[in-house]
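# Understanding the architecture of this molecule
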Amino acid sequence: MKYRHEGVYIDDVDAAYQRALAAGATSVAAPEDKPYQERAAGVKDSFGNIWWIGTYTG
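All of the points below concern the structure found in this document.

Reading the values: the criteria
- Residues numbered from 1 in each chain as written.
- Predicted model: local features only at pLDDT ≥ 70, side-chain atom pairs only at ≥ 80, totals over all residues.
- Heavy atoms only, no water.
- Salt bridge = Lys/Arg side-chain N within 4 Å of Asp/Glu carboxyl O.
- Buried < 20%, exposed > 50% of the residue type's maximum accessible area, 1.4 Å probe, protein only.
- Core = buried A, V, L, I, M, F, W, Y, C linked by side-chain atoms within 4.5 Å.
- Helix = DSSP H or I, 4+ residues; strand = E, 2+ residues; numbered from the N terminus.
- Contact = heavy atoms within 4.5 Å.

### A look at the pattern of salt bridges
Scanning the model with the defined rule gives 4 salt bridges in all. For Glu6, the salt bridge goes to Arg4, with nearest N and O atoms at 2.5 Å. Judged by relative accessible area, Glu6 falls into the partly exposed class, the value being 24%. The class of Arg4 is exposed, set by a relative accessible area of 54%. We note a salt bridge from Arg39 to Asp33, for which the minimum N-O separation is 3.1 Å. Note on Asp33: relative accessible area 56%, which makes it exposed. Through salt bridges that share partners, Asp14, Asp33 and Arg39 make up one connected network.

Structure representation (structure tokens):
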């Protein structure tokens with residue numbers, strides 16, 4: 001079975017990251033400011049899919 005990597009932009013990366021962890025996801029990358037005007041994080045869901053979440057900060 002292949003797992004997917006999905007990327008979405010949202011309003012609040014930090015809040016979404018904490019909600020995902022509370023719902024059982026595991027951390028792939030904690031929220032951090034990136035040099036390309038984005039705050040981003042990554043989580044893995046219970047099916048093994050990896051979600052990259054970001055907020056544009058520019």
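### Observations regarding the nonpolar core
Nonpolar side chains in soluble globular proteins tend to be buried together. Listed in full, the 8 residues of the largest apolar core are Val13, Ala16, Tyr17, Ala20, Ala25, Ala41, Val43 and Ile53. Secondary-structure elements contributing two or more residues to this core are α1 (13–22) and β3 (38–44). No other element matches the 4 residues that α1 contributes to this core. In contact with Ala20, not counting residues within four places along its chain, are Ala25 and Val43.

### Quick word on the environment of Ile10
Mapped onto the elements, Ile10 comes out in the loop between β1 (5–9) and α1. Separated by 41 residues in the primary sequence, Ile10 and Trp51 have C-alpha atoms spaced 12 Å apart. Aside from chain neighbours lying at most four places away, what touches Ile10 is Ala16, Ile53, Gly54 and Thr55.

From the geometry alone we can't say anything about function, so treat these as descriptive.
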